[in-house]
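# Structural overview for review
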Amino acid sequence: MTETLFSIGEEQRGCLQVNQMIINTFSYLWSSTAIDAIAELVDNGYKTFEVPVSSPHCWPDEISGSERTATHARLNEYGAKIRSLNAGGYDVNLASPGANMRRKSIEHIKSVIDLAAAWDVPEVVISPGTRRPMISPSLEKTYGWMYESLENLLPLAKQAGTRLLFENTPYCFTPTIQDLAGVVSTINDEAVKIVYDVANAAYIGEDPVDSLLSYHESIGLVHISDTGTETWGHDPIGTGVIDWNGLGNVVRETCGVNNVVLEIIREDNPVQEFKKAMQDLRNQGWELGT
């Protein structure tokens, strides 16, 4: 199976480029706005991006209507596309025991969906939610709160033409690909898929190569970076435990490079980090565009 799965993304919105990987602007979180980071990265040959939603980098409540229009114009000027906005999982909790906190989380994600619509962004990354680590609520109740939130959130996303992507994170209550695939299967709607983060998976002992091969039909995007198993990281290629040759083979067989997001996080000289990562991946057999 190849890119044909991902109809809401690049094919519909016209941002498909041959073997062009998506670049995450996370490394610019505290140093630059998203659009200024994108400007620098465009100058270095990149065209498609994922943007984390975090103040001051990119925060919907701080971006006026005129600023949204200006940013959209700059994206068009650069020939750039934002493939996904990552709404994050630290400030919100769709599975909170508190109904008002779930409503606030839905409100925040709706603001991200509205921003996505303004910038022609087809996908929004979200977290399923968290449980308190001591005297946790039951999983049955936690799933119930999350599904209740989605009953309100999913129609908003579909109305905006946006696909929601659940991310596997070590701190959420559904950290494994099997957990998230079960959620996607239960919802059974093409507007909800998974963004599979291979570093997050490897950190908790999951095999990203086998998991991507087994569950690719539920996956819309793949985040790549390296990590150890003792310390959670989003590190340069080849510095951790990821099997990059094996992963490259499975990416080629399933989702394709166009649906892969490079998410190495390094504040110092990210352009050079990304350039080195591309060469390291080529050395591992990945077929990447120039």
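See above for the structure.
Presented here is an overview of the structure given in this document. Note that the coordinates shown come from a computational prediction; the quantities given were computed from them, not determined experimentally. (Residues numbered from 1 in each chain as written. Predicted model: local features only at pLDDT ≥ 70, side-chain atom pairs only at ≥ 80, totals over all residues. Heavy atoms only, no water.)

### Quick look at the environment of Gly285
Looking at where Gly285 falls in the secondary structure, it is placed in the segment after helix H10 (270–283). Taking C-alpha positions, Gly285 is 8.5 Å from Trp244, a pair spaced 41 residues apart along the chain. (Helix = DSSP H or I, 4+ residues; strand = E, 2+ residues; numbered from the N terminus.)

### Describing the packing of aromatic side chains
For any two aromatic rings, the description comes down to two numbers: the centre-to-centre distance and the angle of the planes. What the rule picks out here adds up to 6 aromatic pairs. Centroid distance Tyr171 to Trp232: 6.3 Å. Interplanar angle 55°. Geometry classified as tilted. Placement of Tyr171 in the loop between strand E5 (163–167) and helix H6 (177–187) and of Trp232 in the loop between strand E7 (219–224) and helix H9 (244–253) is noted, with a sequence separation of 61 residues between them. Residue class for Tyr171 comes out partly exposed when judged on its relative accessible area of 26%. Put simply, the rings of Tyr90, Tyr171, Tyr203 and Trp232 pair up and form one aromatic cluster. (Phe/Tyr/Trp six-rings, centres within 6.5 Å; stacked < 30°, edge-to-face > 60°. Buried < 20%, exposed > 50% of the residue type's maximum accessible area, 1.4 Å probe, protein only.)

### Considering the sheet that holds strand E6 (residues 192–197)
On the basis of which strands lie adjacent, the closed barrel formed by 8 strands has the order E1-E2-E3-E4-E5-E6-E7-E8 and parallel pairing. In this sheet, adjacent strand axes meet at a mean angle of 30° when their direction is disregarded. As paired strands, strand E1 (residues 22–24) and strand E8 (residues 260–262) are joined by 2 bridges and run parallel to one another. The residue bridging Ile22 from the neighbouring strand is Val261, located in E8. Packed onto the sheet, helix H2 (residues 34–43) meets E1, strand E2 (48–52) and strand E3 (81–86) and runs at close to 150° relative to E2. Against the sheet, H6 contacts E5, E6 and E7, and its axis sits at roughly 170° relative to E6. (Pairing = 2+ DSSP bridges. Axes fitted to C-alpha atoms, helices over the stretch in contact; angles between N-to-C directions. Contact = heavy atoms within 4.5 Å.)

### Overview of the packing of helix H5 (residues 139–160) against H6
It is the contact of H5 with H6, at a shortest axis distance of 12 Å, that shows an interaxial angle of 50°. With respect to H6, the axis of H5 lies oblique. The crossing of H5 and H6 is right-handed. Residues Tyr143, Met146, Tyr147, Leu150 and Leu154 of H5 touch H6, and the partners they reach there are Asp179, Gly182, Val183, Thr186 and Ile187. The residue inventory of the contact of H5 with H6, partitioned by class, reads 7 nonpolar, 2 polar and 1 charged. (Parallel < 35°, antiparallel > 145°, perpendicular 65-115°, else oblique. Left-handed = near helix turned anticlockwise from the far one by under 90°. Nonpolar A, V, L, I, M, F, W, Y, C, P; charged D, E, K, R; others polar.)

### With respect to unusual backbone geometry
Omega for the peptide link from Ser55 to Pro56 comes to 5°, which places this bond in the cis form. With respect to the element layout, Pro56 can be found in the loop between E2 and helix H3 (65–78). Despite not being glycine, Asp120 has its phi angle at roughly 60°, a positive value. Residue placement: Asp120 occurs in the loop between helix H4 (99–118) and strand E4 (123–126). Notably, Asn188 is not glycine yet its phi reads approximately 55°, a positive angle. Relative to the elements of secondary structure, Asn188 occurs in the loop between H6 and E6.

### Focus: the environment of Met101
Along the chain, the position of Met101 falls in helix H4. The contacts of Met101, once residues within four sequence positions are left out, are Asn93 and Ser96.

### Structural notes on H4
Under the 1.5 Å per step criterion, the end-to-end length of H4 is 29 Å for 20 residues, consistent within 8% with the ideal 28 Å. Looking only at H4, the buried set comprises Arg102, Ser105, Ile106, His108, Ile109, Val112, Ile113, Leu115 and Ala116. Its buried side turned inward, H4 meets H3, E3, E4, H5 and E5. A positive phi of about 60° marks Asp120, the residue just after H4. (Expected span 1.5 Å × (residues − 1).)

### Looking at the pattern of salt bridges
Scanning the entire structure with this criterion turns up 9 salt bridges. For the salt bridge of Lys110 with Asp114, the shortest nitrogen-to-oxygen distance reads 3.0 Å. Of this pair, Lys110 and Asp114 are both found in helix H4, 4 residues apart, which corresponds to roughly one turn of the helix. Since its relative accessible area comes to 33%, Lys110 is described here as partly exposed. A relative accessible area of 35% places Asp114 in the partly exposed class. (Salt bridge = Lys/Arg side-chain N within 4 Å of Asp/Glu carboxyl O.)

### Describing the pairing of E4
Both faces of E4 are covered, namely the face carrying Glu123 and Val125 and the face carrying Val124 and Ile126. Pairing analysis gives 3 bridges linking E3 to E4, with the strands arranged parallel. Following the sheet pairing, Ser84 is matched in E4 by Glu123. Following the backbone out of E3, through H4 and into the adjacent parallel E4, one traces a crossover that is right-handed. The sheet contact formed by E4 and E5 spans 4 bridges and is parallel. By the bridge assignment for E5, Val124 is matched with Leu164. Note that the unit made of E4, H5 and E5 has a crossover that is right-handed. (Right-handed = clockwise from strand over helix to strand, strands pointing away.)

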